[in-house]
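Summary of structural features
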Amino acid sequence: TGIVGSAGLLPTIEAIKLGKDIALANKETLISGGPVINPLVEKHGINMLPADSEHSAIFQCLQGVPPGGLRRIILTASGGAFRDLSKDELFQMCEEDSAAVQKKATTHPNWDMGAKITLDSATMMNKGLEVIEAHYLFGASYEDIDIVIHPQSIVHSMVETQDTSCIAQLGWADMRLPIVYSVSWPHRLKMPYKPLNLAEIGSLTFKAPDREKYPCIQLAYDAGKMGGTMTAVLNAANEAANEMFREDVGLGFLDIPKLIEGAMEAHKEDFKDKDVTLDDILSCDAWAREYVAEETKSVTKQALIL
């Protein structure tokens, strides 16, 4: 399933009910519907295998790791369009040249991706969503899932085992490999891709993300730890804010996390974490989109007044 956004939720559910194995490229399906999807996967006895780069890497690294052997998941991130700017430089750019920010936010430095995912990478919400997906796919607690910025996008993610060994999956920035592995597992097919050449790469670098520069990361961790319907609200609010930013209605780059946080805070009154149904998820999804749409009108109106 590769439909972008939570639109992939219902088709994926129907495929599971028909007993079809799922190659999951759509992370929003699990983020919104994890409380419903995981029980269905278990009930129908199907395989749900990750087809996106990072989670495929984790899945590959876990081959041969015994039950209970996983200690920590380390998700790598390119850092997105603003990775070379400091927090202060980014915030100043947002204040002084919003048009340049919008153009840069929708251009990815490493990957050729769709507009929605490229902007998610710039806010690093994409990585926050992947943290939640990793929790649902691999059962790791949020305290045991870390993010590290790796600008070269060669190490696609790592796992740490209980004895502190780290196992990483490396490859060029090419989505064909994780897709092929998701549909051919447990086999390894011979493919005509360019082999990895570490000498050609020269060096690999890593650094921790600045959560003040990228507030969406913390929002995702907070929503994930709450669980229940909160992750559906996080995802829907992000999709709505992302779309409105790209439509150039006057929404600023830094307004995106503010709108998401506002939706999460407002949802606490109706939050549900037990016996979550598909109707609950769809209702929360619709509510969050409406919330962001209404709040965006206020934000853009204030900007026009100023």
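Cut-offs used in this document
- Residues numbered from 1 in each chain as written.
- Predicted model: local features only at pLDDT ≥ 70, side-chain atom pairs only at ≥ 80, totals over all residues.
- Heavy atoms only, no water.
- 1 Å grid on protein atoms, 1.4 Å probe; cavity = no way out; pocket = protein on both sides within 12 Å on 5 of 7 lines; lining within 4 Å.
- Points joined across faces, edges and corners; volume = space filled by probe spheres on them.
- Helix = DSSP H or I, 4+ residues; strand = E, 2+ residues; numbered from the N terminus.
- Axes fitted to C-alpha atoms, helices over the stretch in contact; angles between N-to-C directions.
- Parallel < 35°, antiparallel > 145°, perpendicular 65-115°, else oblique.
- Contact = heavy atoms within 4.5 Å.
- Nonpolar A, V, L, I, M, F, W, Y, C, P; charged D, E, K, R; others polar.
- Buried < 20%, exposed > 50% of the residue type's maximum accessible area, 1.4 Å probe, protein only.
- Core = buried A, V, L, I, M, F, W, Y, C linked by side-chain atoms within 4.5 Å.
- Phe/Tyr/Trp six-rings, centres within 6.5 Å; stacked < 30°, edge-to-face > 60°.
- Lys NZ or Arg CZ within 6 Å of the ring centre and 35° of its normal.
- Disulfide = S-S within 2.5 Å.

We now examine the layout of surface pockets. To find leftover empty space, a probe the size of one water molecule is rolled over the atoms. Reported here for the largest pocket is a volume of approximately 530 Å³. Lining the largest pocket are 34 residues, and of these Lys27, Met113, Ile117, Asn126 and Met175 sit closest to its centre. Broken down by secondary-structure element, the contributors of at least two residues to the lining of the largest pocket are helix H2 (27-44), helix H3 (53-61), strand S3 (70-77), helix H6 (115-123), helix H7 (125-138) and strand S5 (155-161). The computed volume of the second largest pocket comes to approximately 400 Å³. Along its surface, the second largest pocket is lined by 24 residues, and Gly171, Leu177, Met191, Tyr193 and Lys194 are the ones closest to its centre. For the lining of the second largest pocket, the secondary-structure elements that each account for two or more residues are H3 and helix H8 (176-184).

Looking now at empty space enclosed by the protein. For the structure on display, the rule yields one cavity of 30 Å³ or more. Forming the boundary of the largest cavity are Thr123, Lys213, Tyr214, Pro215, Cys216, Phe253, Leu254 and Pro257.

Here we come to the packing of H2 against helix H11 (residues 230-246). Where H2 meets H11, the closest approach of the two axes is 7 Å, and the angle between their N-to-C directions is 135 degrees. Taken together, H2 and H11 sit at an angle that is classed as oblique. Side by side, H2 and H11 meet where Glu28, Ile31 and Ser32 of the first sit next to Thr231, Ala232, Asn235 and Glu239 of the second. When its residues are assigned to classes, the contact of H2 with H11 shows two nonpolar, three polar and two charged.

Attention now moves to unusual backbone geometry. Residue Pro186 is reached from Trp185 by a cis peptide bond, and omega for that bond is 10 degrees. In this structure, Pro186 sits in the loop between H8 and helix H9 (198-201). Of note, Thr164 is a non-glycine position whose phi angle comes to about 75 degrees, a positive value. Topologically, Thr164 is positioned in the loop between S5 and strand S6 (166-170). Among the residues examined, Thr164 registers a relative accessible area of 47% and is labelled partly exposed.

Turning our eyes to something else, we now look at the nonpolar core. Note on soluble globular proteins: their nonpolar side chains tend to be buried together. Formed by 76 residues in total, the largest nonpolar core has its most connected members in Met48, Phe82, Leu234, Phe253 and Ile260. With 10 residues, the top contributor of residues to this core is H11. Excluding anything up to four places from it in sequence, Ile260 contacts Met125, Cys216, Leu219, Leu234, Ala237 and Asn238.

It is worth spelling out the packing of aromatic side chains at this point. In total, this model carries five aromatic pairs according to the counting rule given. A ring pair is formed by Phe82 and Phe253, whose centres lie 5.0 Å apart and whose planes are at 65 degrees; its orientation type is edge-to-face. Of this pair, Phe82 sits in the loop between S3 and helix H4 (87-96) while Phe253 is found in the loop between H11 and helix H12 (255-267), placing the two residues 171 residues apart along the sequence. An aromatic cluster is defined as three or more aromatic residues linked by ring pairs; in this entry it consists of Phe59, Tyr181 and Trp185. Above the face of the Trp172 ring, Lys194 is positioned so that its terminal group lies 4.5 Å from the ring centre.

To continue, consider the packing of helix H10 (residues 215-226) against H11. Here H10 crosses H11 at 150 degrees, and the two axes come no closer than 7 Å. Taken together, the axis directions place H10 and H11 in an arrangement best described as roughly antiparallel. Of the residues in H11, those touching H10 at Leu219, Ala220, Ala223, Gly224 and Met226 are Met230, Thr231 and Leu234. Looking at the contact of H10 with H11 residue by residue, the class counts come to six nonpolar, two polar and no charged.

A few words on the state of the cysteines. Simply put, disulfide is the name for a covalent bond between the sulfur atoms of two cysteines. Counted under the stated rule, the structure contains zero disulfides. As a non-bridged cysteine, Cys61 has Cys166 as the owner of its nearest cysteine sulfur, 9.6 Å distant. On the basis of relative accessible area, Cys61 is assigned to the buried category, the value being 4%. Look at Cys166 and you get partly exposed, because its relative accessible area is 46%.

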